[in-house]
Amino acid sequence: MVMSLKVSYLLTLGLAVIAAGFMVRIFIIFHDCGHGSFFKSRTMNRIIGNITGTIVFTPYNKWHHEHNIHHQTVGNLDKRGIGDVKTLTVDEYLKLSKWQRFTYRIYRNPLLLFGIIPILLFAIVYRFTKPYMTGRQKLYLHLSNLGLAVTIFLVILAIGWKAYLLIQIPVLYMGAVAGVWLFYVQHQFKDVMWTNEENWDYKKMALEGSSLYKLPALFNWFTGNIGYHHIHHLSPLIPNYNLKKCHNENSLFHEVKPVTFFSGFESLVLRLWDERRMRMIGFNEIQ
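A brief structural summary.

Basis of the calculations
Each chain carries its own residue numbering, running from 1 in the written order of its sequence. In keeping with the predicted nature of the model, local features appear solely for residues at pLDDT of at least 70, side-chain atom pairs appear and are counted solely at 80 or more, and the whole-chain, interface and lining totals rest on all residues. In computing side-chain values, all of the structure's heavy atoms are included and hydrogens and water are not. Strands pair, by our definition, only if DSSP identifies at least two bridges between them. Each helix corresponds to a stretch of at least 4 residues labelled H or I by DSSP, and each strand to a stretch of at least 2 residues labelled E; elements are numbered beginning at the N terminus. Using a 1.4 Å probe on the protein chains alone, a residue whose accessible area is under 20% of its type maximum counts as buried, one over 50% counts as exposed, and one in between counts as partly exposed. We call a pair of cysteine sulfur atoms a disulfide whenever their separation is within 2.5 Å. Every patch collects residues that have over 30% relative accessible area and no salt bridge, joining them within 9 Å if they carry like charges and within 5 Å if they are nonpolar side chains (Val, Leu, Ile, Met, Phe, Trp, Tyr). Residue exposure ignores everything except the shown protein chains as possible cover, and the areas themselves are Shrake-Rupley values with a 1.4 Å probe. Any Lys or Arg side-chain nitrogen located within 4 Å of an Asp or Glu carboxyl oxygen qualifies as a salt bridge. Here a pair means two rings of Phe, Tyr or Trp (six-membered ring of Trp) with centres within 6.5 Å. Their orientation is stacked below 30 degrees between planes, edge-to-face above 60, and tilted elsewhere. Only when the NZ atom of a Lys or the CZ atom of an Arg is both within 6 Å of the ring centre and within 35 degrees of the ring normal do we say a charge sits over the ring. Take the buried residues of types Ala, Val, Leu, Ile, Met, Phe, Trp, Tyr and Cys, join any two whose side-chain atoms come within 4.5 Å, and each joined set is a nonpolar core. The contact criterion used is simple: two residues touch if any of their non-hydrogen atoms lie within 4.5 Å.

Digging into the sheet that holds strand β5 (residues 279–281)
One open sheet holds the three strands; their spatial order is β1-β4-β5, and the pairing between them is mixed. In the strand order of this sheet, the two ends are held by β1 (88–89) and β5, each with one partner. Looking at chain direction, β1 and strand β4 (residues 272–274) are connected through two bridges and run parallel. Residue pairing for β4: L88 is matched across the bridge by L272.

Some remarks on the environment of L154
Along the chain, the position of L154 falls in helix α9 (residues 135–159). Given a relative accessible area of 51%, L154 falls into the exposed group. A sequence separation of 136 residues divides L154 from I18, and the C-alpha atoms of the two residues are 23 Å apart.

Focus on the state of the cysteines
Overall, the coordinates contain zero disulfides when judged by the stated rule. In this model C246 remains outside any disulfide bridge; the closest cysteine sulfur is found in C33, 19 Å from its own. Looking at C246, the relative accessible area reads 17%, which means it is buried.

Quick look at unusual backbone geometry
At F57, a residue that is not glycine, the phi angle is positive and equals roughly 60 degrees. Here F57 lies in the loop between α3 (42–55) and α4 (60–73). Its identity is not glycine, yet N225 carries a phi of approximately 60 degrees, on the positive side. Mapped onto the elements of the fold, N225 is located in the loop between α12 (217–222) and α13 (229–234).

Re a nonpolar patch on the surface
A contiguous nonpolar patch, built from M1, V7, L11, L15, V17, I18, F22 and W221 and spanning about 710 Å² of accessible area, is present on the exposed surface. A total of five residues in the nonpolar patch trace back to one element, the largest contributor, which is helix α2 (residues 9–35). When you line up the elements, M1 lands in the segment before α1 (4–7). M1 gets classed as partly exposed once you look at its relative accessible area, which sits at 33%.

A few points about the packing of aromatic side chains
One pass over the full model with this rule turns up 23 aromatic pairs. Where F22 meets F222, the ring centres are 5.3 Å apart and the plane angle is 90 degrees; that geometry is what we call edge-to-face. Taken together, the residues span a long stretch of sequence, with F22 in helix α2 and F222 in helix α12 at a distance of 200 residues. Seen from their ring centres, F261 and F265 are 5.5 Å apart, and the 85 degrees between their planes marks the pair as edge-to-face. Residue F265 is classed as partly exposed on the basis of its relative accessible area, which comes to 39%. Among the aromatic side chains, those forming a connected cluster through ring pairs are F114, W181, Y184, F219, F261, F262 and F265. It is R25 that lies over the ring of W221; its NZ or CZ is 4.0 Å from the centre.

A closer look at the nonpolar core
One recurring pattern in soluble globular proteins: nonpolar side chains tend to sit buried together. Among the nonpolar cores identified, the biggest contains 44 residues, and F57, F122, Y213 and W273 are the most heavily contacted of them. Among the secondary structure elements, those contributing two or more residues to this core are α2, α4, α7 (110–115), α8 (117–123) and α10 (161–187). Counting residues per element, this core draws most heavily on α10, at 10 residues. W273 has contacts with L77, T87, L88, T89, V90, V192, M193, W194, M278, R279 and M280, leaving out every residue within four places of it along the chain. Counting nine residues, the second-largest nonpolar core is a separate cluster that includes L207, L212, Y228 and V256.

Right, here's the structure in full:
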């Protein structure tokens, strides 16, 4: 891509789209390493997880701590707030002040949710500690930041700061947007299930609180089969390269209604969980 800068920046941007696709695939490897599923060896999972985490600007320990909480609480109305997209029920929304409704609407606006928040997450938010973190977790985060800084410094020494920024920014931006979109559509679709702690069931929420996102073959490869998200939530120890096979070999998963590439975009207008109708709705459907 450095050579492409000498030809045309449009060529560089074209190559950046492909590079962003590979960045998403690398993130899936990073993701599986955190679950201990990509390799049989725990040590290899941790080593490769930290290396791939540096490539995708994501701290290994911090992200997987929150991601594991997400797995344990997906679809649980009483345990929202960590590792998920902020989602209110209709009743909660109606109890908000006008200013609070405005800020929630801004947050759920696709221009912010997919245009700005992704790059902020990967470039800035992931760099900071959180109050719940232990001293060791904070140390791991600082070491992760140091490793990222050293990597960036070495690359800049090799190709120059200008070339680095012209290449890295579009790749990171597109990869981050794609990653956030994937996570969003996996848990923010019309027929998704949410429930309270009393009625929460791990198996049921894995199959009904996560989507079967059917993508074209090429996109499915770049995203590491993560579209079979219902299976991943049912058993996180299944590596991405076995998810499709697992789906094909088990009739139970064939009963899950898929979200297709095009129907997935319907999720963009969904904003609230309606406890009466038991589905996600848009602001215009509030009764």
